[in-house]
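Coordinate inspection notes
Listed here are the chains, written in short residue letters.
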Amino acid sequence: AENEMDPYVRKFGSYTDKRVTTPEGCDSDDPVDYVVHLADPEDLNNKWIKVGYLELRAGKPDIFVANSSAAPGWDLLVIVLRGRAAVRGVSEKVTCFSESLGKLEMMKLPSNGEKFEFSCKSCKSGSMNGGDSADEMATTLLVVKSSL
């Protein structure tokens, strides 16, 4: 009945000025510059969430991996905000994976350390000089990394 969802709700609004303490190795080789870092300093389990943006450009794919042996226990969600992204598995177990994501489509990466390459599918080589619209020059991703 009343308040039965409370165990599933975590509010970080009052902690926006705190920096996140993330495990060693969690951000190694991460192409994303996270602009929002939220954590509850009183949480003994060190739960945190980070939100950032990444612009994919023609000819410059980025590799994402959720979790790793160096920093276990976190998740990664990638949402396409603009353009189209091509996703392919690059780790041994996921080399057959290939997907195309459009605007507002998302992918939660598996937490087993598998690597995925995201590239700009809507980009055209040389489009920056060809006068094409900004939407054809880049794909914008919203990236949410968390340990909740």
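Let me begin by describing the structure that accompanies this report. Just so you know, these numbers come straight off a predicted model, no measurement behind them.

Criteria and cut-off values
- Starting from 1, residues in each chain are numbered consecutively following that chain's sequence as written.
- In keeping with the model being predicted, local features are shown solely for residues with a pLDDT of at least 70 and side-chain atom pairs are shown and tallied solely at 80 or more, while totals for entire chains, interfaces and linings include all residues.
- Values shown for side chains rest on all heavy atoms present in the structure; no hydrogens or waters enter the calculation.
- Only DSSP runs of H or I covering at least 4 residues are called helices, and only runs of E covering at least 2 are called strands; the numbering of each starts at the N terminus.
- Burial here depends on accessible area, computed with a 1.4 Å probe over protein chains only, as a share of the maximum for the residue type. Under 20% is buried, over 50% is exposed, and the range in between is partly exposed.
- Contacts are residue-level and defined by heavy atoms, with any inter-residue pair within 4.5 Å sufficient.
- All accessible-area figures derive from a Shrake-Rupley calculation using a 1.4 Å probe, and residue coverage is judged against the displayed protein chains alone.
- Two strands qualify as a pair provided that DSSP identifies no fewer than 2 bridges between them.
- A fitted line through C-alpha atoms serves as each axis, taken over the contacting stretch for helices, and the angle formed by two N-to-C directions is quoted from 0 to 180°.
- For this analysis, a ring pair means two rings from Phe, Tyr or Trp (six-membered ring only for Trp) whose centres lie within 6.5 Å, classed as stacked if their planes differ by under 30 degrees, edge-to-face if by over 60, and tilted for the remaining angles.

**Focus: the overall build of the protein**
Looking only at helices and strands, the protein has one helix and nine strands in total. Counted from the first residue to the last, the protein has its helices and strands arranged as β-β-β-β-β-β-β-β-α-β. Out of the 148 residues belonging to the protein, those deemed buried represent 39%. Restricting to contacts in the protein with at least 6 residues of sequence separation, those with at least 24 account for 65%. Just so you have it, the protein exposes about 8900 Å², and 50% of that area is on carbon and sulfur atoms.

**With respect to the environment of Ala39**
Checked against the element boundaries, Ala39 lands in strand S1 (residues 33-39). Relative accessible area serves as the criterion here: at 5%, Ala39 is assigned to the buried category.

**Considerations on the pairing of strand S5 (residues 85-89)**
Of the two faces of S5, the one holding Ala85, Val87 and Gly89 is buried and the one holding Ala86 and Arg88 is not buried anywhere. Pairing of S5 with strand S6 (residues 98-101) involves four bridges; the strand directions are antiparallel. Bridging across to S6, Ala85 finds its partner in Leu101. In the sheet, S5 pairs with strand S8 (residues 115-120) via five bridges, with the strands oriented antiparallel. Within S8, the position partnered with Gly89 by the bridge is Phe116.

**Re the sheet that holds strand S7 (residues 106-109)**
Reading across from one edge, S1-S2-S9-S4-S7 is the order of the five strands in this open sheet, with antiparallel pairing throughout. Looking at strand neighbours, the two that pair on one side only are S1 and S7, the edges of this open sheet. The sheet shows a mean angle of 20° between the axes of neighbouring strands, taken without regard to direction. Pairing of strand S4 (residues 75-82) with strand S9 (residues 138-147) involves seven bridges; the strand directions are antiparallel.

**Digging into the sheet that holds strand S3 (residues 62-65)**
Strand order across the open sheet formed by four strands is S3-S8-S5-S6, with antiparallel pairing between neighbours. The sheet terminates laterally at S3 and S6, the two strands that pair on one side only. Across this sheet, the average inter-strand angle for adjacent strands is 25°, counted without regard to direction. The pairing of S3 with S8 spans four bridges and is antiparallel. Along S8, the bridge assignment pairs Val65 with Lys115.

**Remarks on the packing of aromatic side chains**
Throughout the structure, instances matching the rule amount to one aromatic pair. A centroid spacing of 5.5 Å and a plane angle of 90° characterise the contact between Phe97 and Phe116, whose relative ring orientation is edge-to-face. With Phe97 in the loop between S5 and S6 and Phe116 in strand S8, the pair connects residues that are 19 residues apart, well separated along the chain. Residue classification places Phe97 among the partly exposed positions, given a relative accessible area of 30%. Residue class for Phe116 comes out buried when judged on its relative accessible area of 2%.

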